[in-house]
Amino acid sequence: MTLQQEIVGNAMQMAVVSLQPGQTVYCEAGKFLFKTANVTMETRLSGPSGGGGQPQAGAGGASGAGGGMGGMLRQAMGTAMQVGQRALAGESLAFQYFTSTGGEGTVGFAGVLPGEMRALELDGTRAWFAEKDAFVAAESTVEFGIAFQGGRTGRSGGEGFVLEKFTGRGTVIIAGAGNFIDLNPADFGGRVDVDTGCVVAFEEGIQYGVQRVGGLNRQGVMNAVLGGEGLSLATLEGNGRVILQSLTIESLANALRKAQGGDKQGPTGGLFSTNAG
């Protein structure tokens, strides 16, 4: 059953989802805005993996136990592993599930920063990867997971170390900061280099990496210190969809600090910023 949704708004968009009777959508805690009275809301630690996002049967039922105490233990261990991964990644520990009862229902969701939202349609053949906190909501047929990049890439790329991963079939809604641009590295010679904070999401098949900005020479130091990009750039290679955002969280945080009169930047930029009392 296709998720009916409409993304509305300009500077701060939101997604208005229409649920058919019995249809379930889930979101990360903190992304819910409103719902109609016939939509039930349930907060759970477990993700939709295996159960289609539907509530599990009570512990006292034989079918809900999934094979007695052994099934209950496996289920508890699976949930604990999911929660542990999300905690390690700095994600919300719980999901909120919304199910329409007694007719069509409506639910509203939004991101946490001024910017755009995008509905991605998964057909089961390719996964999607997104930056931390990009996930807003998804059908119960879409599985949410955490993907950890390799140690070297993670240490160099900052937020690139932890990615959200979406698999299965159905609609997943993501959000970012500023405006979005869609591109395919194959249209630009097979590779694009971007600020690590500009990556919102990309399809499976795109190779994500991090490279140093210039060499350990005078120009490399100038790029890192005065260019405002730090020491690394994200690299995206291959043939597939990539979504970038025009506003990075770091640049927004720096602008807010300057507007508040704190954390003054020195003449050489953020690397030598000072805290003015």
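K.L.:
Please explain the side chain of asparagine 184 as it appears in this structure.
P.N.:
With respect to the secondary-structure elements, asparagine 184 resides in the loop between β13 (180–183) and β14 (191–194). Judged by relative accessible area, which is 18%, asparagine 184 ranks as buried. Within the local environment of asparagine 184, its side chain forms a polar contact with the side chain of asparagine 239, the two groups lying 2.7 Å apart. Setting aside chain neighbours within four positions, we find asparagine 184 in contact with Gly238, Asn239 and Gly240.

K.L.:
What exactly am I supposed to notice about the packing of aromatic side chains here?
P.N.:
Centre-to-centre distance and the angle between the planes together describe a pair of aromatic rings. Using the criterion set out here, one finds twelve aromatic pairs in the structure. A centroid spacing of 5.4 Å and a plane angle of 85° characterise the contact between tyrosine 26 and phenylalanine 95, whose relative ring orientation is edge-to-face. Of the two residues, tyrosine 26 is situated in strand β3 (residues 24–28) and phenylalanine 95 in strand β6 (residues 95–100); the sequence distance between them amounts to 69 residues. Both residues of the pair, tyrosine 26 and phenylalanine 95, belong to the buried class. Judged by centre distance (5.6 Å) and plane angle (40°), the ring pair of tyrosine 26 and phenylalanine 135 falls under tilted. Taken as a pair, tyrosine 26 in strand β3 and phenylalanine 135 in strand β10 (residues 135–139) lie far apart in primary sequence, 109 residues in all. The class for tyrosine 26 is buried, based on a relative accessible area of 0%. Using a relative accessible area of 0% as the deciding quantity, one classes phenylalanine 135 as buried. Site record: aromatic cluster; members linked through ring pairs are Tyr26, Phe95, Tyr97, Phe135, Phe144 and Phe166. Sitting over the face of the ring of tyrosine 97, arginine 44 holds its NZ or CZ atom 3.8 Å from the ring centroid.

K.L.:
When you look at the side chain of glutamate 203 in this model, what are you seeing that I'm missing?
P.N.:
Its location among the elements puts glutamate 203 in strand β15 (residues 199–203). The class for glutamate 203 is buried, based on a relative accessible area of 14%.

K.L.:
Would you mind going over the sheet that holds strand β4 (residues 32–35) with me for this structure?
P.N.:
Backbone hydrogen bonds hold the strands of a sheet together, and the pairing may be parallel or antiparallel. With antiparallel pairing, four strands are arranged side by side in an open sheet as β1-β2-β7-β4. Both outer strands of the open sheet, β1 (4–8) and β4, are each paired with one neighbouring strand and no more. Between one strand and the next, the sheet's axes are offset by a mean angle of 20°, whatever the strand orientation. Bridge count for β4 against strand β7 (residues 105–110) is three bridges, and the pairing is antiparallel. Paired with phenylalanine 34 across the two strands is glycine 108, which belongs to β7.

K.L.:
Honestly, the confidence of the model for the chain in this entry has me stumped. Any pointers?
P.N.:
Predicted coordinates in areas of low pLDDT are best not read in detail. On average, residues of the chain carry a pLDDT of 78, and 67% of them reach 70 or more. In this model, residues 50–65 is a region of pLDDT below 50 whose contacts with residues beyond four sequence positions or in other chains number 22 contacts. Within the model, pLDDT remains below 50 along residues 266–274, and this stretch shows twelve contacts once partners closer than five positions in the same chain are excluded.

K.L.:
What's the story with the pattern of salt bridges in this structure? I'm lost.
P.N.:
On inspection of all chains with the given rule, the structure shows seven salt bridges. Between lysine 31 and glutamate 28 there is a salt bridge; the shortest N-O distance is 3.1 Å. Comparing lysine 31 with glutamate 28, the two get one shared label, buried. Shared partners join several salt bridges into a network, and the residues in it are Glu116, Arg118, Asp182 and Arg241.

K.L.:
Any chance you could explain the environment of leucine 120 here in plain terms?
P.N.:
Examined against the element boundaries, leucine 120 turns out to sit in strand β8 (residues 117–123). Taking the C-alpha atoms as reference points, leucine 120 and glycine 170, separated by 50 residues in sequence, lie 8.3 Å from one another.

K.L.:
I'm lost on empty space enclosed by the protein in this one. Help?
P.N.:
Where empty space is left can be seen by rolling a probe of water-molecule size over the atoms. Going through the model one piece at a time under the given rule, you end up with two cavities of 30 Å³ or more. Put simply, the second largest cavity is a space of about 30 Å³. Within the lining of the second largest cavity, the residues separate by chemical class into four nonpolar, four polar and one charged.

K.L.:
Hey, could you run me through unusual backbone geometry in this one?
P.N.:
Most of the time, phi is negative for any residue but glycine, and the peptide bond is trans. Here aspartate 133, not a glycine, exhibits a phi torsion of approximately 70°, which is positive. For aspartate 133, a relative accessible area of 38% puts it in the partly exposed group.

K.L.:
Whenever I open this one, the pairing of strand β12 (residues 162–175) confuses me. Can you help?
P.N.:
Working note: regular strand, side chains alternate between the two faces of the sheet. Buried residues dominate β12, accounting for ten of its 14 residues. As judged from the seven bridges shared by β8 and β12, these two strands associate in the antiparallel manner. By the bridge assignment for β12, glutamate 121 is matched with threonine 171. One ladder, built from four bridges, connects strand β9 (residues 128–131) with β12; its direction is antiparallel. From the neighbouring strand, tryptophan 128 faces β12, where its bridge partner is phenylalanine 166. Looking at chain direction, β10 and β12 are connected through three bridges and run antiparallel. Looking at β12, one finds that phenylalanine 135 is bridged to isoleucine 174. Where strand β11 (residues 142–148) lies against β12, seven bridges are found, and the strand directions are antiparallel. Counted as the bridge partner of phenylalanine 148 is valine 162 from β12.

Analysis parameters
Residues numbered from 1 in each chain as written. Predicted model: local features only at pLDDT ≥ 70, side-chain atom pairs only at ≥ 80, totals over all residues. Heavy atoms only, no water. Helix = DSSP H or I, 4+ residues; strand = E, 2+ residues; numbered from the N terminus. Buried < 20%, exposed > 50% of the residue type's maximum accessible area, 1.4 Å probe, protein only. Polar contact = N/O pair within 3.5 Å; in protein donor to acceptor, adjacent residues only side chain to side chain. Contact = heavy atoms within 4.5 Å. Phe/Tyr/Trp six-rings, centres within 6.5 Å; stacked < 30°, edge-to-face > 60°. Lys NZ or Arg CZ within 6 Å of the ring centre and 35° of its normal. Pairing = 2+ DSSP bridges. Axes fitted to C-alpha atoms, helices over the stretch in contact; angles between N-to-C directions. pLDDT = per-residue confidence, 0-100. Salt bridge = Lys/Arg side-chain N within 4 Å of Asp/Glu carboxyl O. 1 Å grid on protein atoms, 1.4 Å probe; cavity = no way out; pocket = protein on both sides within 12 Å on 5 of 7 lines; lining within 4 Å. Points joined across faces, edges and corners; volume = space filled by probe spheres on them. Nonpolar A, V, L, I, M, F, W, Y, C, P; charged D, E, K, R; others polar.

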